[in-house]
Amino acid sequence: MLRTAVRNVLAHKARLAMTVLAVCLGVAFASGTLVFADSAAAAYRAAASRNFADIAVTVTARQAPAGAAADQPDSVLDDALARRLAAVPGVAAVRPSVDGRAALNAADGTPLRVRPGANPAAAYVPGPDGEDRRHPLAAGRAPAGGDEIAVDSGTAAAGHLHVGDSVTLATDGPAMTMRLVGIVTTTDTRVLAGGTLVLFDRATAQRLFATSGHYTAIDLSAAAGTGQSELARRVATVLPPDRAEVTTAAARAAQQAVYVGTLTRGYQKMPTVFAGIALFIGSFLVINTFTMLVTRRTREIALLRAIGASRRQVVRSVLVEAVLVGLAASAAGFVLGLGIAAVLPGLLSTGGDLLPDGPLVIGPRPVLAALGVGVGVTVLAAWLPARKAARVAPVEALRTAQQPPAGRFRVRAVAGLALLALGVGLLVPLTGAKDASEGNLRGAMLGCGVLVLALIVLAPLLVVPAIRLIGRLTGRSGITGHLAQQNALRDPRRTAATAATLLVSTALVTGLAVIGNSTGQALDRQAAAGLGAEYVISTRTTTTGVDPAAVQRVAHTAGVRAASAVADSVLFIGGRVRDISGVDPDSVDDVMRLDFLSGSAKDLGPGRIAVSSTIARESGLSTGSQVDATIGRSRTFAKYTVVGVYQDNPTAHDALGARAEVQQDGFLPDSVQRILVRTDPGSVSPATEDRLRAAVGNNPLLKVQDRPALVREAAGTMGNLLTLMYGLLAIGVVIAGLGIVNTLAISVAERTREIGVLRAIGMDRAGVRRMIRLEAVTVAGFGTLLGLAGGLFGAWAVGALANGAVKQYSLALPWGTLLLVCLLSLAVGALAAAVPARRAAALKPLEAVAEA
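Residues numbered from 1 in each chain as written. Predicted model: local features only at pLDDT ≥ 70, side-chain atom pairs only at ≥ 80, totals over all residues. Heavy atoms only, no water.

**Overview of the overall build of the protein**
Phase 1: On a plain count of helices and strands, the protein comes out with 29 helices and 22 strands.
Phase 2: For the protein, the residues scored as buried account for 51% of the 852 residues in total.
Phase 3: Partitioning the contacts of the protein with sequence separation of at least 6, the portion at a separation of at least 24 is 83%.
Phase 4: Accessible surface, the protein as shown: approximately 37300 Å² in total, 60% of it carbon and sulfur. (Helix = DSSP H or I, 4+ residues; strand = E, 2+ residues; numbered from the N terminus. Buried < 20%, exposed > 50% of the residue type's maximum accessible area, 1.4 Å probe, protein only. Contact = heavy atoms within 4.5 Å. Areas by Shrake-Rupley, 256 points an atom, 1.4 Å probe, with all protein chains shown as cover.)

Written as structure tokens, this is what we have:
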């Protein structure tokens, strides 16, 4: 039986090659993702090790306790402490450092790679040889004055910066202009993960990030024979109690690795999703291929049974074929996965997220995953066809093949309807839910999965009505269209199994496209709702504010009609934390579209607030109500009077207060968080945006956004969703094409005599090719039709959850995308039929008719 299985694989290698390719895609994504993850982790560890290669422990300041003197937390780290640390036994060298954060602009004036935690700044600290070994110079020289900086080579390349350029940068305050005098290399994993690095001379760094003569950290190198833990214990004995702490370099490297891993963890998610979808869709191709092969070899299996082969041996024979196919798919997929792992860093780096260089790390995990996934999926998918082969009695198998008994279709109908009822039962209750909680999302995913499974089970029963509907279009091609329709109806289960791949991929893409389009339009409406201004100037981080003096400069900018500052903070009210916007009562109506149900913004002032309709309803408030509340960092509750209730407004947030009061009690009392800018008609242009940037000093920590930019920012993950959607469509199309090729190739082989008769009675080669192509388009149309139905229903049901997460959400069909999906699916069917159609047309009539 083993020899028989091997011979069967070799005899059908061309048809099984399609199955190998389908499974190969899933294996490639799975193994490639694991290789990439292991390689990236190893590269980060290596970079972190190089970054702390000459450091054993680091001393940092503790946060000063509440009520302490006005000394800054890092004031204990001075030259005197550095000298005491140098005298500790086991300390080989002492290197004080000053670290902070700085963002800078590119050469064209746009902010460069600004994101939280990814823009470190430090002092260039030369050693005895005049070089800072942690930041080797690649060009120019080290900064030596208060107006000089150096940057890393990656930042210089990304920003098109050169030695001698004037660079605009900011730490936590107004923008500064300094001259770039040097370019360095770095192994800092935060920078390698897509950040920037700015270096100052020691005195400037101390002025910006500490105090004169003090440091933010002191790095110590260990003498030979002294371990990090032992040195840390010795150093701790000389540190001022409760004022400083010591950390080993290994712990710091681990912290950086965790941070970078958090930033880059999303890179592994999308390839993993592709792997799962490819394997899921590919499993249908495996089932269909082995089912057709078993059906075609019915007499051969019957002969084996007649000469003594047991059912168990027949099952094992088919499963051995599946194992051989799975091994081939695993090997090919693993090799392709190495290619995916090799190109992923380059693809990700194009988005500005640089990954450290390093070799591919091929450990046991991806190898075992490739074998397990490839062989496991193939064997599991071939198990049902193997059982079908074993159930055939020898005498029945030697007869002419028959359609499956009607009883099996009744069982399929009952099972399919039960699954359909379950799927609908899981999804319909969610249409009334407004909470996009984890439990509801899991229920939605389960319901959609069950719904797709129900469509797959019911597909053979839906073949006849659906194909007859599609046949009204193909029937216009005359007799070839009619024959194509009848061929598709000949074996409903085969047609359904072939269309299953397109069904799954089309359902996924349709659902994602509808939800993505609906969410995008909702975000567009939400971003514009309540905003009367054309531009919003805001901060990129929560620890940075906008200088209130900038409001006047913005107001006097050409093309600006009005500018109003907004101080954002938090409001503790009714036992909950809400967002409050501090506005100027006299100018707020110029920049916000406020729909007051009662009261007015003109009445805002000290001790007087306005609340949104949702807050009013939940807290039982109305105009004139008194409520205990506190704003920002103040912990003293006071009585506030509600002077107005307005319709929910995303620009105004949950509550409105007077800017002076909100700003005074806020976390950044010397700054505001937003400037809303109203421009003259027709003044929205890149030139106006440039003037507004200049008015706020081209500060890289500030954003100047028009409404489309606000929509793009609010959309957030929509770009990832679109990438996922088109990736799933591509995978589904490829595997569906392979399935159609496989099915038609076997179908042509089974209908050799029939095609010969058609040729003998006058059908030309073009007619044969047209018949095969129309059959493929019919099957593709059937899968697309079911997929569209399932995807639209799932998107409608899940849309209620999106409405809970995104206000103003409503179902909006992306007609262009849906039309593209339909046309692409039909085109795949036509292209997949090219080789089988050509082979069928090449048959010679007499030889085909004479074939046994």
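**Some points on the packing of helix α27 (residues 815–832) against helix α28 (residues 834–841)**
Phase 1: Their axes nearest at 5 Å, the elements α27 and α28 cross at an angle of 35 degrees. In contact with A830, L831 and A832 of α27, α28 contributes A834, V835 and P836.
Phase 2: Its residues placed into classes, the contact of α27 with α28 shows six nonpolar, no polar and no charged. (Axes fitted to C-alpha atoms, helices over the stretch in contact; angles between N-to-C directions. Nonpolar A, V, L, I, M, F, W, Y, C, P; charged D, E, K, R; others polar.)

**Considerations on the packing of aromatic side chains**
Phase 1: Evaluated as defined, the whole model comprises three aromatic pairs.
Phase 2: On the basis of an interplanar angle of 65 degrees and a centroid distance of 5.9 Å, the ring pair of F200 and F209 is categorised as edge-to-face.
Phase 3: Ring centres 5.7 Å apart and planes at 45 degrees place the aromatic pair F793 and W796 in the tilted group. With F793 and W796 both in helix α26 (residues 765–805) and three residues apart, this pair spans about one turn of that helix.
Phase 4: Under the relative-accessibility criterion, F793 is labelled partly exposed at 26%. (Phe/Tyr/Trp six-rings, centres within 6.5 Å; stacked < 30°, edge-to-face > 60°.)

**Let's talk about the sheet that holds strand β2 (residues 91–97)**
Phase 1: With antiparallel pairing, the four strands of this open sheet are ordered in space as β2-β11-β1-β12. If you trace the sheet from one side to the other, it starts and ends with β2 and β12 (244–248), each paired once. In this sheet, neighbouring strand axes are inclined to one another by 20 degrees on average, regardless of whether the strands run parallel or antiparallel.
Phase 2: Packing against the sheet, helix α3 (residues 79–86) makes contact with β1 (57–61), β2 and β11 (217–222), and its axis sits at approximately 165 degrees to β2. (Pairing = 2+ DSSP bridges.)

**Details of the environment of I735**
Phase 1: With respect to the secondary-structure elements, I735 resides in helix α24 (residues 718–750).
Phase 2: When the C-alpha atoms of I735 and I281 are compared, they prove to be 7.2 Å apart, with 454 residues separating the residues in sequence.
Phase 3: I735 has contacts with A22, L25, A278, I281, G282, L285 and T501, leaving out every residue within four places of it along the chain.

**Section: the pattern of salt bridges**
Phase 1: A complete count under the given rule lists 19 salt bridges for this structure.
Phase 2: The salt bridge partner of R95 is D219, with a shortest N-O separation of 3.9 Å. In this pair, R95 is assigned in strand β2 and D219 in strand β11, connecting sequence segments 124 residues apart. The residues R95 and D219 share a single accessibility class, namely buried.
Phase 3: Three or more residues joined by partner-sharing salt bridges are found here, namely R95, D132, R134 and D219. (Salt bridge = Lys/Arg side-chain N within 4 Å of Asp/Glu carboxyl O.)

**Thoughts on the side chain of T495**
Phase 1: Checked against the element boundaries, T495 lands in helix α17 (residues 492–528).
Phase 2: T495 gets classed as buried once you look at its relative accessible area, which sits at 6%.
Phase 3: In contact with T495, not counting residues within four places along its chain, are V463, A488 and V779.

**Remarks on the pairing of strand β18 (residues 626–631)**
Phase 1: Sheet topology places strand β14 (residues 560–573) next to β18; three bridges connect them, and they run antiparallel. Counted as the bridge partner of L571 is I631 from β18.
Phase 2: As paired strands, β18 and strand β19 (residues 638–646) are joined by four bridges and run antiparallel to one another. Residue pairing across strands places D628 opposite K639, the latter belonging to β19.
Phase 3: The hairpin turn running from β18 into β19, its antiparallel successor, is six residues long, and G632 in that turn takes a positive phi close to 60 degrees.

**Quick word on the nonpolar core**
Note that soluble globular proteins tend to have their nonpolar side chains buried in a common cluster.
Phase 1: By size, the foremost hydrophobic cluster in this structure holds 40 residues, and its most contacted members are I735 and F782.
Phase 2: Breaking this core down by element, the ones donating at least two residues are α2 (13–51), α9 (269–296), α11 (311–349), α15 (438–474), α16 (479–490), α17, α24 and α26.
Phase 3: Counting residues in each nonpolar core, the second largest holds 39 residues, with I149, F200, F209 and L231 among its members. (Core = buried A, V, L, I, M, F, W, Y, C linked by side-chain atoms within 4.5 Å.)

**What about the side chain of R693?**
Phase 1: Following the sequence through the fold, R693 ends up in helix α22 (residues 686–695).
Phase 2: Given a relative accessible area of 17%, R693 falls into the buried group.
Phase 3: In this structure, R693 is in contact with P111, N698, L702 and V704, ignoring residues within four places of it in sequence.

**Quick notes on α16**
Phase 1: Here α16 contains 12 residues, and its C-alpha end-to-end distance of 16 Å stays within 8% of the 16 Å for a straight helix at 1.5 Å per residue.
Phase 2: Along α16, the positions that sit buried rather than exposed are T480, G481, L483, A484, Q485, N487, A488 and L489. (Expected span 1.5 Å × (residues − 1).)

**Observations concerning the pairing of β11**
Phase 1: The buried fraction of β11 amounts to five of the six residues, a majority that puts the element mostly inside the structure.
Phase 2: Summarising the sheet, β1 and β11 pair through four bridges and their orientation is antiparallel. Within β11, the position partnered with T60 by the bridge is A217.

**Looking at the confidence of the model for the protein**
For any part of a model where pLDDT is low, the fine detail of the predicted coordinates should not be relied upon.
Phase 1: When pLDDT is averaged along the protein, the result is 82; 86% of the residues meet or exceed 70.
Phase 2: Contacts from residues 66–74, a stretch scored under 50 in pLDDT, to residues over four places away or in other chains number 14 contacts. (pLDDT = per-residue confidence, 0-100.)

**Focus: a nonpolar patch on the surface**
Phase 1: Side chains of V6, V323, L324, L327, L360, I362, V367 and L371 sit close together on the surface and give an oily, nonpolar patch of about 560 Å² of accessible area.
Phase 2: Elements with a contribution of two residues or more to the nonpolar patch: α11 and α12 (364–391).
Phase 3: At three residues, α11 tops the list of elements feeding residues into the nonpolar patch.
Phase 4: Checked against the element boundaries, L327 lands in helix α11. (Patch = residues over 30% accessible without salt bridge, like charges linked within 9 Å, V, L, I, M, F, W, Y side chains within 5 Å.)

**A short note on the environment of S612**
Phase 1: If you trace the backbone, S612 turns up in strand β17 (residues 608–612).
Phase 2: For the pair S612 and N649, spaced 37 residues apart in the sequence, the C-alpha separation amounts to 7.3 Å.

**A closer look at unusual backbone geometry**
Phase 1: Non-glycine residue R113 carries a positive phi angle of around 50 degrees.
Phase 2: Mapped onto the fold, R113 is located in the loop between β4 (103–104) and β5 (120–123).
Phase 3: The phi dihedral of H653 falls on the positive side, at around 65 degrees, and the residue is not glycine.
Phase 4: Structurally, H653 can be placed in the loop between β19 and β20 (655–658).

**What about helix α25 (residues 752–760)?**
Phase 1: If you check which residues of α25 are buried, you get T752, I755, G756, L758 and R759. Here the buried residues of α25 occupy an arc of 160 degrees about the axis, which is enough to place them on one side.
Phase 2: Taken from the residues just after α25, G762 is the one with a positive phi, measuring 125 degrees. (Arc of directions from axis to C-beta.)

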